[in-house]
Each structure stands twice: as structure tokens, then as C-alpha cells.
Amino acid sequence: MFVCYFLLHTIASVAIMKINVNQILLFIIGWSLEYASEVRALIIVYESKTGFTKKYADMLASKTGLKALRVKELTKVNEEDEIIFLGWIKVGKIQGLNKVRKYNIKAVCGSGTAATAGPDTETVVARNKIEGIPFFYLQGGCYPIKDLKGMDKIVMSMFLKMLKSSKDRDEKVEESILTIENGFDGIKEENLDPVLEWLNKR
Ligand SMILES: Cc1cc2nc3c(=O)[nH]c(=O)nc-3n(C[C@H](O)[C@H](O)[C@H](O)COP(=O)(O)O)c2cc1C
């Protein structure tokens, strides 16, 4: 009788202890997750010269409630924070990206004038060394070439000259010439849909 009572008591104690240990473990995990989510934020960081990329960053911020910061405000970002980076594309290079490399980059968006990333997505991904990081192309826009200044104007003038002297002036080339000469605004809210879809799946 005494042995039975002893065995039952031991089993019950272990069961209770197990529950307690499990409860303690759950409490510690829950607390750690809560603490981690408090200290690690997801932040939009962007680089924009003429304002088109900024428009997308602000749009994304208002759609998601995330904070949007310029690259020059990086001091406000903790190293544990996760970043969605948006930068304008200049000769295939995403501007400002190198300044955020040491941070926890979760996705990169590049903005250019063409309908698709130029020269092509694979080249942009390789040129910017972002293999393995989700990349989204966002069609931005540009001001007419007469309003550009400095090196940007020189580079665009050379590009325009090259396009105009092209032997095969097809529809695409003609469209590029008009875009550079007259300016263009390709900003559309729906261009952010793939980014929002990716965010929702995280
Ligand atoms: C000098 C120069 C080079 C550019 N090179 C590219 C390019 O390689 N690919 C591209 O898609 N757009 C290119 N663009 C277009 C810009 O990336 C585009 O206008 C962008 O949306 C501007 O963003 P921002 O207003 O945020 O500065 C170039 C623009 C300039 C002025």
C-alpha cells in the first residue's frame, strides 16, 4: 500500500514538475520572442536623387506602417534591425546599397526609368552582389535631360547620343529617346504589390 502510494506520488510529482518545466520554458521562449521583436525592427532605408525612389519608400511606409529612413539617417538603425532597401539605379548599380551592406538586408528594390530592370534582372543582381536576397524592380522616372546637372547630365547625354546613332532605332529605342528628352513618371502604387506580397508571406 505504502509502495503504491510512494510510486503514485513520485509519478505525480514528475508530471507536475514536467508541466512546470514546460511552462517555464514556454515563458522564457515567449519572453525572448517578445523581447527580440521589440529590439529588432524592420525598417525601410532608401537612397533617392530626384525623388522617385523616395515616393516608393514613403508609399511603402504608409502601406505597412514601417519607418522609412534615408541612407544618411543610418545612425538611427541598430545593427540587429532588418532592412528593406530601396535605391535608384545608375548604370546598373543600385545607389546607396554599399552603405547598408553591414546591416541585415532582407530585400532590395531598385528603381530605374525602363519598364524592366536594365540591362536585365540577372545582370543587376550580379552587378550589385545581391544573389540570394529578394530583388524587386520598381519603375521610377526621370526629369528631362535639360534639367539634369553635373556628371548625371554628361552620362545621360552620352547615352542619348548612343541611342540616336543606333543603327536599329526600333520602338524601344525611340521610346527611350523620348523619355530622356522629355522626362517621365512611371510611379504606380501597384508596382509595390510584389513587395507587399513578399512582406505578407514572411
Ligand atoms: C546618370 C544616370 C544613369 C542611370 N542609369 C540607369 C540604369 O542603368 N538603369 C535604369 O533602369 N535607370 C537608370 N537611370 C534612371 C534612374 O535610375 C531613374 O530615373 C530613377 O527612378 C531615379 O530615381 P530617384 O528619383 O530616386 O533618384 C539613370 C539615371 C541617370 C541620371
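Structure: above.
Since we're looking at a predicted model, the values are computed, not measured.

1. What about the overall build of the protein?
When you go through the protein residue by residue, the secondary structure sums to six helices and eight strands. Reading the helices (α) and strands (β) of the protein from amino to carboxyl end gives α-β-α-β-β-β-β-α-β-β-α-α-β-α. Pairs at least 24 residues apart make up 64% of the contacts formed inside the protein by residues separated by at least 6 positions.

2. Focus on the site of the ligand
Around the ligand, the surrounding shell holds 23 residues, and the nearest of these are Ser 48, Thr 53, Trp 88, Gly 112 and Gly 140. Breaking the shell around the ligand down by element, the ones donating at least two residues are α2 (52-64), β3 (82-90), β5 (104-112), β7 (141-142) and α4 (150-164). Here the shell around the ligand is composed, by residue class, of eight nonpolar, eleven polar and four charged. There are two domains that each give the shell around the ligand at least three residues, and those are domain 2 (40-142 + 190-201) and domain 3 (144-182).

3. So, the pairing of strand β2 (residues 67-70)
As judged from the four bridges shared by strand β1 (residues 42-47) and β2, these two strands associate in the parallel manner. Bridging across to β2, Tyr 46 finds its partner in Arg 70. On the question of chirality, the crossover connecting β1 to the parallel β2 by way of α2 is right-handed.

4. Focus: unusual backbone geometry
Pro 119 follows Gly 118 through a cis peptide bond whose omega is 0°. Assignment of secondary structure puts Pro 119 in the loop between β5 and α3 (121-127). With a phi angle near 45°, Val 91 is a residue other than glycine that sits in the positive phi range. With respect to the helices and strands, the residue Val 91 is situated in the loop between β3 and β4 (93-94).

5. Focus: the nonpolar core
Counting residues in each nonpolar core, the largest one holds 26 residues, and the members touching the most others are Ile 44, Ala 57, Phe 85, Leu 86 and Cys 109. Among the elements that make up this core, the one with the highest residue count is β3 (six residues). Those residues in contact with Ile 44, other than ones at most four positions away along the chain, are Ala 57, Leu 60, Ala 61, Leu 66, Lys 67, Ala 68, Ile 84 and Leu 86.

6. Comments concerning the packing of α4 against helix α5 (residues 171-182)
Taken N-terminus to C-terminus, the directions of α4 and α5 make an angle of 150°; their axes are 10 Å apart at the nearest point. Looking at the two axes, α4 sits roughly antiparallel to α5. Here the hand of the crossing between α4 and α5 comes out left-handed. Residues Met 156, Leu 160, Leu 163 and Lys 164 of α4 touch α5, and the partners they reach there are Val 173, Ser 176, Ile 177 and Ile 180. Of the residues belonging to the contact of α4 with α5, the class tally is six nonpolar, one polar and one charged.

Criteria and thresholds
- Residues numbered from 1 in each chain as written.
- Predicted model: local features only at pLDDT ≥ 70, side-chain atom pairs only at ≥ 80, totals over all residues.
- Helix = DSSP H or I, 4+ residues; strand = E, 2+ residues; numbered from the N terminus.
- Contact = placed C-beta atoms within 7 Å.
- Near = placed C-beta within 6 Å.
- Nonpolar A, V, L, I, M, F, W, Y, C, P; charged D, E, K, R; others polar.
- Domains from an automatic or database assignment.
- Pairing = 2+ DSSP bridges.
- Right-handed = clockwise from strand over helix to strand, strands pointing away.
- Core = buried A, V, L, I, M, F, W, Y, C linked by C-beta atoms within 7 Å.
- Buried ≥ 20, exposed ≤ 12 C-beta atoms within 10 Å, placed from the backbone.
- Axes fitted to C-alpha atoms, helices over the stretch in contact; angles between N-to-C directions.
- Parallel < 35°, antiparallel > 145°, perpendicular 65-115°, else oblique.
- Left-handed = near helix turned anticlockwise from the far one by under 90°.

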